Amino acid sequence: MTEIRHHIRSELLAAWVTGNLPAHFAAVVASHVALCPECRAESGALQSLGGALLEGLAGVDLSPDALSKALAALDDSTRRPEPAATAAGIFPAPLMQVLGGRPPKWSLLGGGIRQQILMADRSGSLRLLYIPPGRKVPEHSHGGLELTLVLQGSFSDSSGEFHVGDVEDADDEINHQPVAGPGAPCICLAATDAPLRFRALLPRLLQPLFRI
Ligand code: ZN
Ligand code: ZN
């Protein structure tokens, strides 16, 4: 594997370590951490820091009972059970867990692009995408955060190139049109916390609303 260059930023790792990340983002973070020794080390350090901070609170006016409860809660959230599923090929163990131990079931999206939606509710979605080499994903902006982890092949957009293990952390400022790199098809795991807004679609959707 080539060196991982795009990592999970510390706020997101800290939120994951303390169990405060929604399930769809947690799946991407856990999958990256499974592939990335650097983020594994950082999340370990964050766990120790969290414990130390709570122990530091012992000097504050806090009942011993409250402290032990807080420590137990931290312990609970950080002693994550190992996923029951094991890694399979390009799919790390936390992703195999979401897949129920089975290979993906792709649906065709057109243009050779395939996807499998793994989670979807009002808070966001988690999907696997398969993009043939050189193929573009329609240009879009985000209603919120989007985390995309590359599992096979690569993609690039205006913010850079992303290879196996890299995570793109895109917020609602970014309008982008990812293009799959040459070679193997790009397979990635993407989590978004709000529906994507495809630029070409938006004006048409707004038309009846504004009578333009
Ligand atoms: Zn990393
Ligand atoms: Zn995007």
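Here, the structure is the one placed above.
Residues numbered from 1 in each chain as written. Chains lettered and ligands numbered in written order. Predicted model: local features only at pLDDT ≥ 70, side-chain atom pairs only at ≥ 80, totals over all residues. Heavy atoms only, no water.

Draft legend 1. Here's a closer look at the coordination of the zinc ion (ligand 1). Of the protein atoms, only His-7 (ND1), His-32 (NE2), Cys-36 (SG) and Cys-39 (SG) coordinate the zinc ion (ligand 1), at distances of 2.1 to 2.3 Å. One can describe the site at the zinc ion (ligand 1) as tetrahedral: its four donor atoms subtend angles covering 98 to 122° at the metal. Along the chain, the residues that donate to the zinc ion (ligand 1) are spaced as H-x24-H-x3-C-x2-C. Judged by its relative accessible area of 0%, His-32 falls in the buried class. Cys-36 sits in the buried class, given a relative accessible area of 2%. (Donors = N, O, S within 2.8 Å, 3.2 Å for Na, K, Ca; no water. Tetrahedral: all angles 85-135°; square planar, octahedral: opposite > 155°, others 65-115°. Buried < 20%, exposed > 50% of the residue type's maximum accessible area, 1.4 Å probe, protein only.)

Draft legend 2. Local environment of the pattern of salt bridges. This model, assessed by the stated rule, comprises two salt bridges. Two residues, Glu-11 and Arg-9, come together in a salt bridge whose shortest N-O distance is 3.7 Å. For Glu-11, a relative accessible area of 52% translates into the label exposed. A salt bridge links Asp-169 to Arg-9, with the shortest nitrogen-to-oxygen separation between them at 2.5 Å. Taken together, the residues Asp-169 in strand S8 (residues 167–170) and Arg-9 in the segment before helix H1 (10–17) connect sequence positions 160 residues apart. You can call Arg-9 partly exposed: its relative accessible area is 34%. Salt bridges here are not isolated pairs; linked through shared partners, they connect Arg-9, Glu-11 and Asp-169. (Salt bridge = Lys/Arg side-chain N within 4 Å of Asp/Glu carboxyl O. Helix = DSSP H or I, 4+ residues; strand = E, 2+ residues; numbered from the N terminus.)

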